[in-house]
Each structure stands twice: as structure tokens, then as C-alpha cells.
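# Breakdown of the fold
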Amino acid sequence: IVDDIRCKAACANCVFTSYAVRDTRLSLDELGKVLDDALEMDITNVYLAGADPFYRDDTEAFLDLLAAHRHQFFLLFTEGKRVDEASLERIRAAGNIIPVLNIDGLAEASDRRKGEGTWEVVDALLTSMRDQRIVFGVSSMVSTANVDEVSSEAFVRTLDERGAAFVAYIPYTP
């Protein structure tokens, strides 16, 4: 489900910045209906992508809605900058939400693509989720600019040390 294509993160080369900006955010009622309809069709694995859901004004209620859909499993893609401890507590308690952090390289590459200080924030989040025993993954947009780094032993080892359960590689599509 692409909940919204508007995003305040403004990452360089983001695929969603190529779309026309329009108000596409699903209300909680609309999203609940979509999830109910999906479950009726036996769709239990739901990927929530598009703009970072932690930029929603109703993040707590959004996470509570996902948690209430106990028979569904959610991969929630995020850049990680707005994931706070209250959100982590909701995610941990829910048990059916797996955050997937968008990380396109280590410190220098992350800061270059997503803004100065991004790696420091994301690294602290990775460590916090590991320490709280929250299952999480990482997605990396692969391009010619970062393929060597995101496929390096150092990158994979760092994510493993931080507790990532998986890494999904997404090819950059201009």
C-alpha cells in the first residue's frame, strides 16, 4: 500500500519525488477499510511504503490501527528520523509491525543522501530497536553511486551488529 507520496524527508533521488504532489494520504478510516478488505481476500502480509508514515500527524493512531489488525503482518518502511520511543513501544507491543529502515550506505553516504546527521540518528535507532528486541529490517536503494558500499562486507556486518533481521536491496529506477 502506498499510503502517500508526499514526504518531508527530501532524500536525493527518491523515486516518489518524481510523482506530482497531491493529497493522497489515506485517512485512518480509509486505511482500515483497505486492510479489512485485504484480509477478506486472505492478504495477510502488507507492505506500507510511499512517504514515511512517521511524518503522519496521527502516527500513534496509525500504529494502533495496524496493531488492531492482529491477523495481518506489516512491513513499515521509514527513513527513521521521526521514530520516537513512544512509537517503538507501540511497535514492540503490537508484535505484527516490522519497521524497515531505508539506509543507503554508512555515515557519509547516508548523510549525503538524506541530510547531515542522518546516520547518527538512524544508528541510534538501530541500536535502540536491537536493545528492545524489536524485529526490524533495512532496505537499501541501490544505484551506481552506492552499489559498492551497500554490497560491502562492512555495510552488511554493521547492520548485522545492529540487529537487522534482513536487508532488502531495491534498484534505483530513474
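Attention in this report is confined to the structure presented alongside it. Fair warning: this is a prediction, and the values are worked out from it, not measured in the lab.

Reading the values: the criteria
Residues numbered from 1 in each chain as written. Predicted model: local features only at pLDDT ≥ 70, side-chain atom pairs only at ≥ 80, totals over all residues. Heavy atoms only, no water. Buried < 20%, exposed > 50% of the residue type's maximum accessible area, 1.4 Å probe, protein only. Helix = DSSP H or I, 4+ residues; strand = E, 2+ residues; numbered from the N terminus. Pairing = 2+ DSSP bridges. Phe/Tyr/Trp six-rings, centres within 6.5 Å; stacked < 30°, edge-to-face > 60°. Salt bridge = Lys/Arg side-chain N within 4 Å of Asp/Glu carboxyl O. Core = buried A, V, L, I, M, F, W, Y, C linked by side-chain atoms within 4.5 Å. Axes fitted to C-alpha atoms, helices over the stretch in contact; angles between N-to-C directions. Parallel < 35°, antiparallel > 145°, perpendicular 65-115°, else oblique. Contact = heavy atoms within 4.5 Å. Nonpolar A, V, L, I, M, F, W, Y, C, P; charged D, E, K, R; others polar.

### What about the pairing of strand S5 (residues 137-142)?
Along S5, 5 of the 6 residues are buried, which leaves the element largely enclosed by surrounding structure. Sheet analysis places strand S4 (residues 97-102) next to S5, joined by 3 bridges and oriented parallel. In the sheet register, Leu101 faces S5, and the bridge partner there is Val138. Sheet topology note: the S5/strand S6 (residues 167-171) ladder contains 5 bridges and is parallel. Looking across to S6, one finds that Ser140 is bridged to Tyr169.

### Some remarks on helix H4 (residues 107-114)
Within H4, burial applies to Ala109, Ser110, Asp111, Arg113 and Lys114. With its phi angle positive at about 110°, Gly115 sits one or two positions after the end of H4.

### What about unusual backbone geometry?
Phi at Asp42 takes a positive value of approximately 65°, unusual for a residue other than glycine. Even without being glycine, Arg133 reaches a positive phi, approximately 60°. Within the secondary structure, Arg133 sits in the loop between helix H5 (118-131) and S5.

### So, the packing of aromatic side chains
With the rule as written, the count across this model stands at 1 aromatic pair. Between Tyr47 and Phe77, the ring centres sit 6.5 Å apart and the planes meet at 50°, which makes this aromatic pair tilted. Of this pair, Tyr47 sits in strand S2 (residues 45-50) while Phe77 sits in strand S3 (residues 73-78), placing them 30 residues apart in sequence.

### Considerations on the pattern of salt bridges
Proximity of charged atoms lets side chains of opposite charge pair with each other. For the structure shown, the criterion picks out 11 salt bridges. A salt bridge links Arg130 to Asp131, with the nearest nitrogen and oxygen atoms 3.1 Å apart. Overall, Asp131 belongs to the exposed group, its relative accessible area being 52%. Three or more residues joined by partner-sharing salt bridges are found here, namely Glu60, Asp64 and Arg90.

### Regarding the nonpolar core
Membership of the largest hydrophobic core comes to 32 residues, with the highest contact counts inside it found for Leu48, Leu66, Leu76, Ile97, Ile103 and Leu126. Sorting the residues of this core by element identifies helix H1 (28-40), S2, helix H2 (59-68), S3, helix H3 (85-94), S4, H5 and helix H7 (153-162) as the ones contributing at least two each.

### Observations regarding the packing of H2 against H3
Between H2 and H3, the shortest axis-to-axis distance is 10 Å and the interhelical angle comes to 5°. The orientation of H2 with respect to H3, classified from their angle, is roughly parallel. Taken together, the residues of H3 that come into contact with H2 (itself represented by Thr59, Glu60, Leu63, Asp64 and Ala67) are Ala86, Ser87, Arg90, Ile91 and Ala94. Counted by class, the contact of H2 with H3 contains 5 nonpolar, 2 polar and 3 charged residues.

### Section: the packing of H5 against H7
Contact geometry for H5 and H7: axes closest at 8 Å, N-to-C directions at 45°. By the angle between their directions, the pair H5 and H7 is classed as oblique. Facing H5, whose interface residues are Trp119, Asp123, Leu126, Thr127 and Arg130, H7 presents Thr158, Leu159, Glu161 and Arg162. Residues that form the contact of H5 with H7 fall into these classes: 3 nonpolar, 2 polar and 4 charged.

So yeah, pure geometry; function would need other evidence.
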